[in-house]
Amino acid sequence: MKRCWCGNEALEEYSSAYCTCRRCHTLVSKSEFDNLIYHIDDEENDLYGRNYWEKTMMEEAGLSSVDEIIDLYLRERAVYWLEYLLKYLPLHGKVAEVGCGLGQLAYLMKQLEFRQRAYELSPDICRYVRRELGIDIVSTPFEEAKEQYDAVLSFDVVEHILEPQAFIANCVRHLEDGGVLCIQTPCYDEELSYDEMCGRKPRFRNLLVEDQHIYLYSKASMRELLKAAGVEYIQFLPAFFGDDYDMFLVASRKPLRVNSDREIEEFLNGTPNGRLVKAMLAMSRENRNLTARFQTAEQNSTARMEQVETLTALLKTSEADRAARYEQILELTKLIKESEAGRAAEREQIEVLTKQLTESEADRAAGREQIGLLTRQLKKEKHIAHRNWNRK
């Protein structure tokens, strides 16, 4: 795409597949699109034909059949979304789901006797889902719808839309006064560069599908898109896939009304299949709590393992230091012993020299004494000789 949905053509490089719009903070695919992508003439080869679910989505989910996808989505994301929708949708209201996929959420809403209608592009998929789930599903373009609804739902759709302003405006146009618009779509964090995103929110890279996801919105750009359609009241909710991956919101042109727990309880208990759905909701909450506890335990386990590894490294360092100190002590002990041996040898040498000096001093004393004796004897002999000489 050469320009953003907001009209800005001065796009900046973001990644190999996307540019970023600094005006509204939206990511824009570099691929080119036209409205023909929404026309299904060939179910096998058109982008959103039957093959989209029978191949692309099956491979993405790692499943082997469309039925398995239905069951997976039904027990996970559909029941999750329903729990929040019960808080904000008019109970017993008339609801349209645009881009319903395989119809799991519409199926749950039918069980609760909402007046539901679902819209999907592929005629083959519509026939399959109508037969398997018994919901009201059509392949008619939503802009051709004549009815007004208490709520319009659009999950994982707006990122595929070439003209999002027209799409949102059409959704709003089909809302009753005070009706609710519900959206889930990937959430782009405009404060992070691509490299920062890869480091902090690596899961988002999975949503950079340039041949399908035309625009990826930040919360700021989604607010701007909704306000352009006259939708001022917006409430962001916890996203099923996490806020680092998706955004989930309800919005209206009038202040949002929140159904009380008592109203929801009475509504579920008063609907033939309501108690079964209530049990599903309870099991979904329990499963999320268990998953959260497991993830916390895993994080704690990982943290403890990292701590053990750190302590092990410190212990090894300490042991190495102890070994080095022990070797140093041995070396010093050896040097001390060598020094002591040297000192002992020096003491022995000093003792020998002292003895020799003592002996030398004794010899000198004896020599001096002998010299004195000889001197006295010589003097005596000289005296005798002198005396004898005088006598003559």
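So, a few notes on the structure that sits alongside this text.

**Quick word on the overall build of the protein**
Assigned secondary structure in the protein consists of nine helices and 11 strands. Projecting the C-alpha coordinates of the protein onto the three principal axes gives extents of approximately 185 × 50 × 45 Å. In the protein, buried positions account for 39% of the 392 residues. Taking the average place of the 53 positive charges on the side chains of the protein and the average place of its 67 negative ones, the gap between the two points comes to 15 Å.

**Focus on the pattern of salt bridges**
Any two side chains of opposite charge can pair, given that their charged atoms come close. Here the structure, examined in full by the defined rule, presents 21 salt bridges. Put simply, glutamate 12 and arginine 22 hold a salt bridge, and the shortest N to O gap is 3.1 Å. Of this pair, glutamate 12 sits in strand β1 (residues 12-13) while arginine 22 sits in the loop between β2 (18-21) and β3 (26-29), and the two are 10 residues apart along the sequence. We classify glutamate 12 as partly exposed; its relative accessible area is 38%. Lysine 254 serves as the salt-bridge partner of aspartate 177, at 2.6 Å between the closest nitrogen and oxygen. Of the two residues, aspartate 177 sits in strand β8 (residues 175-186) while lysine 254 sits in the loop between β11 (246-252) and α8 (261-269), which places them 77 residues apart along the sequence.

**Things to note about the nonpolar core**
In terms of nonpolar packing, the biggest core is built from 66 residues, with Phe142, Ile168, Leu181, Met222, Leu226 and Leu249 touching the most fellow members. Not counting chain neighbours up to four residues away, the residues in contact with leucine 249 comprise Leu181, Cys182, Ile183, Met222, Leu226, Ile234, Gln235, Phe236 and Leu237. Membership of the second largest hydrophobic core comes to 31 residues, among which are Tyr84, Leu85, Tyr88 and Ile264.

**Here's the deal with the pairing of β2**
Side chains Tyr18 and Thr20 project from β2 onto one buried face, and the interleaved Cys19 and Cys21 project onto a second face that is buried too. Turn length for the β1-β2 hairpin, with the two strands adjacent in sequence and antiparallel, is four residues. As paired strands, β2 and β3 are joined by four bridges and run antiparallel to one another. Paired with cysteine 19 across the strands is valine 28, a residue of β3. Counting the residues that bridge the hairpin from β2 to β3 gives four residues, and of these histidine 25 lies at a positive phi of roughly 65 degrees.

**Some details on the sheet that holds strand β6 (residues 137-138)**
Here seven strands make up an open sheet; going across it, the order is β6-β5-β4-β7-β8-β11-β10 and the pairing mixed. Among the strands making up the open sheet, the edge pair consists of β6 and β10 (233-237). Where β8 meets β11, six bridges bridge the pair, whose relative direction is antiparallel. Bridge assignment links glutamine 184 to a residue of β11, and that residue is phenylalanine 248.

**Focus: helix α5 (residues 164-173)**
Among the residues of α5, Pro164, Phe167, Ile168, Asn170, Cys171 and Val172 are the ones counted as buried. Elements that come into contact with the buried residues of α5 comprise β4 (94-98), β7 (149-155), β8, β9 (215-217) and α7 (219-228).

**Observations concerning the packing of aromatic side chains**
Here the structure, examined in full by the defined rule, presents 16 aromatic pairs. Measuring from centroid to centroid gives 5.7 Å for tyrosine 14 and tyrosine 188, while their planes differ by 85 degrees, and the two rings are edge-to-face. Of this pair, tyrosine 14 sits in the loop between β1 and β2 while tyrosine 188 sits in the loop between β8 and α6 (194-200), and the two are 174 residues apart along the sequence. The ring of tyrosine 73 carries the charged tip of arginine 77 above its face, separated from the ring centre by 3.7 Å. The ring of phenylalanine 236 is capped by lysine 219, whose NZ or CZ atom sits 5.0 Å from the centre of that ring.

**Section: the packing of helix α2 (residues 66-88) against helix α3 (residues 104-111)**
Two numbers describe how α2 lies on α3: the axes approach to 8 Å, and their chain directions differ by 60 degrees. As the angle between them shows, α2 and α3 are arranged oblique. Remark: the crossing between α2 and α3 carries right-handed chirality. Only Gln104, Leu105, Tyr107, Leu108 and Met109 of α3 make contact with α2, whose side of the interface consists of Ile69, Ile70, Tyr73, Leu74, Ala78, Val79, Trp81, Leu82 and Leu85. Residue classes in the contact of α2 with α3 are distributed as 13 nonpolar, one polar and no charged.

**Things to note about the environment of leucine 237**
Position of leucine 237 among the secondary structure elements: in strand β10. Taking the C-alpha atoms as reference, leucine 237 lies 78 Å from lysine 337; in sequence the two are 100 residues apart. Once you skip the residues sitting within four places of it in the chain, leucine 237 turns out to touch Tyr84, Tyr88, Asp243, Phe248, Leu249 and Val250.

**A closer look at the environment of leucine 249**
Tracing the chain through its elements places leucine 249 in strand β11. Placed 51 residues apart in sequence, leucine 249 and cysteine 198 show a C-alpha to C-alpha distance of 25 Å.

**Some points on the side chain of aspartate 246**
Relative to the elements of secondary structure, aspartate 246 occurs in strand β11. No salt bridge is formed by the buried aspartate 246. Its closest oppositely charged neighbour is arginine 203, at 7.2 Å. For aspartate 246, the side chain forms a polar contact with the side chain of glutamine 184, separated by 3.4 Å. Apart from residues no more than four positions distant in its own chain, aspartate 246 is found in contact with Gln184, Thr185, Pro186, Cys187, Leu207, Ala239 and Phe241.

About the thresholds
Residues numbered from 1 in each chain as written. Predicted model: local features only at pLDDT ≥ 70, side-chain atom pairs only at ≥ 80, totals over all residues. Heavy atoms only, no water. Helix = DSSP H or I, 4+ residues; strand = E, 2+ residues; numbered from the N terminus. Buried < 20%, exposed > 50% of the residue type's maximum accessible area, 1.4 Å probe, protein only. Lys, Arg positive; Asp, Glu negative; His and termini not counted. Charge placed at Lys NZ, Arg CZ, Asp CG, Glu CD. Salt bridge = Lys/Arg side-chain N within 4 Å of Asp/Glu carboxyl O. Core = buried A, V, L, I, M, F, W, Y, C linked by side-chain atoms within 4.5 Å. Contact = heavy atoms within 4.5 Å. Pairing = 2+ DSSP bridges. Phe/Tyr/Trp six-rings, centres within 6.5 Å; stacked < 30°, edge-to-face > 60°. Lys NZ or Arg CZ within 6 Å of the ring centre and 35° of its normal. Axes fitted to C-alpha atoms, helices over the stretch in contact; angles between N-to-C directions. Parallel < 35°, antiparallel > 145°, perpendicular 65-115°, else oblique. Left-handed = near helix turned anticlockwise from the far one by under 90°. Nonpolar A, V, L, I, M, F, W, Y, C, P; charged D, E, K, R; others polar. Polar contact = N/O pair within 3.5 Å; in protein donor to acceptor, adjacent residues only side chain to side chain.

Everything listed is a geometric property; what it means functionally is a separate question.
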